Amino acid sequence: MTISGSCCCGAVRFGLSEKPTFMGTCHCSRCRKVGASTIVFVKKDSLTWLQGKEKVRSFKATKPYNYDRCFCETCGSSLGEILSDEDSFPIAANALDDEIDMKNQSHEFVGEKPSWYEICDDAPQSTGHPE
């Protein structure tokens, strides 16, 4: 199985040999600002770069945030933590080109959710990081 992913302009392309292990939505203001509040966790050894790794840039985290955010230098598409050295890390669900047959499993930082956004699924919710 190969799941393909890319940025909006196609400069960055990657493949996943395994289905992501988790899908969740973060409602913190930072995730909303970078345009990638729904993420999927992938295993590092399942990711294969097809092109454009050198076009991925990082926005460095400052406290209280822990994760650097990656994006395409050409079109600005959010890519999550795709340059992470961790064994498992989040990437932006919107970067996946193929269906993955997963449902959202969690909502975090709902205490920062704007009033205009309505959560329309039954996934568990937490005001901060899930316990």
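Computed from a predicted structure; not experimentally measured.

### Brief notes about the sheet that holds strand E10 (residues 107-108)
Pairing within the open sheet is mixed, and its four strands lie in the order E9-E4-E3-E10. Whereas interior strands pair on both sides, the edge strands pair on one side only; in this sheet they are strand E9 (88-92) and E10.

### As for the nonpolar core
Counting 22 residues, the largest nonpolar core has Phe14, Leu16, Val40, Leu79, Ile82, Ile91 and Leu96 as its most contacted members. The residues contacting Leu79, other than those within four sequence positions of it, are Cys7, Val12, Val56, Cys70, Phe71, Cys72, Ile91, Ala92 and Ala95.

### Re the pattern of salt bridges
The tally for this structure, following the rule as stated, stands at six salt bridges. Residue Glu18 pairs with Lys43 through a salt bridge whose shortest N-O separation is 3.4 Å. Of this pair, Glu18 sits in the loop between strand E2 (13-16) and strand E3 (22-26) while Lys43 sits in strand E4 (residues 38-43), and the two are 25 residues apart along the sequence. The class for Lys43 is partly exposed, based on a relative accessible area of 36%. With a shortest N-O distance of 2.7 Å, Arg57 and Glu73 are connected by a salt bridge.

### Here we look at the side chain of His27
Within the secondary structure, His27 sits in the loop between E3 and helix H1 (29-34). Beyond its immediate chain neighbours, meaning those up to four positions away, His27 contacts Arg32, His107, Glu108, Phe109, Val110, Glu112, Lys113, Tyr117 and Ile119.

### Considering the environment of Ser37
If you trace the backbone, Ser37 turns up in the loop between H1 and E4. We classify Ser37 as partly exposed; its relative accessible area is 23%. Considering only alpha carbons, one finds Ser37 and Ala93, 56 residues apart in sequence, at a separation of 8.5 Å.

### Details of the sheet that holds strand E7 (residues 69-72)
Here we have three strands laid out as an open sheet, ordered E6-E7-E8, and antiparallel in their pairing. Strands at the two margins of the open sheet, each flanked by one partner only, are strand E6 (56-59) and strand E8 (78-80). Averaged over all pairs of adjacent strands, the angle between their axes in this sheet comes to 35°, without regard to strand direction. Judged from the four bridges that link them, E6 and E7 form a sheet pairing that is antiparallel. From the neighbouring strand, Val56 faces E7, where its bridge partner is Cys72.

### Some points on the packing of aromatic side chains
When we look at a pair of aromatic rings, we describe it by the centre distance and by the angle of the planes. Tallying each qualifying case throughout the model produces three aromatic pairs. Taken together, a centroid distance of 6.4 Å and an interplanar angle of 65° make the contact between Phe14 and Trp49 edge-to-face. Of the two residues, Phe14 is situated in strand E2 and Trp49 in strand E5 (residues 47-51); the sequence distance between them amounts to 35 residues. You can call Trp49 partly exposed: its relative accessible area is 23%. Judged by centre distance (6.2 Å) and plane angle (65°), the ring pair of Phe22 and Phe41 falls under edge-to-face. A residue pair is termed long-range when its members are at least 10 positions apart, and Phe22 in strand E3 and Phe41 in strand E4 qualify at 19 residues. Classification of Phe41 as partly exposed rests on a relative accessible area of 25%.

### Thoughts on a negative patch on the surface
Negative charge collects at one region of the surface, where Asp97, Asp98, Glu99 and Asp101 lie side by side. Topologically, Glu99 is positioned in the loop between E9 and E10.

About the thresholds
- Residues numbered from 1 in each chain as written.
- Predicted model: local features only at pLDDT ≥ 70, side-chain atom pairs only at ≥ 80, totals over all residues.
- Heavy atoms only, no water.
- Pairing = 2+ DSSP bridges.
- Helix = DSSP H or I, 4+ residues; strand = E, 2+ residues; numbered from the N terminus.
- Core = buried A, V, L, I, M, F, W, Y, C linked by side-chain atoms within 4.5 Å.
- Buried < 20%, exposed > 50% of the residue type's maximum accessible area, 1.4 Å probe, protein only.
- Contact = heavy atoms within 4.5 Å.
- Salt bridge = Lys/Arg side-chain N within 4 Å of Asp/Glu carboxyl O.
- Axes fitted to C-alpha atoms, helices over the stretch in contact; angles between N-to-C directions.
- Phe/Tyr/Trp six-rings, centres within 6.5 Å; stacked < 30°, edge-to-face > 60°.
- Patch = residues over 30% accessible without salt bridge, like charges linked within 9 Å, V, L, I, M, F, W, Y side chains within 5 Å.
- Areas by Shrake-Rupley, 256 points an atom, 1.4 Å probe, with all protein chains shown as cover.
- Lys, Arg positive; Asp, Glu negative; His and termini not counted.
- Charge placed at Lys NZ, Arg CZ, Asp CG, Glu CD.

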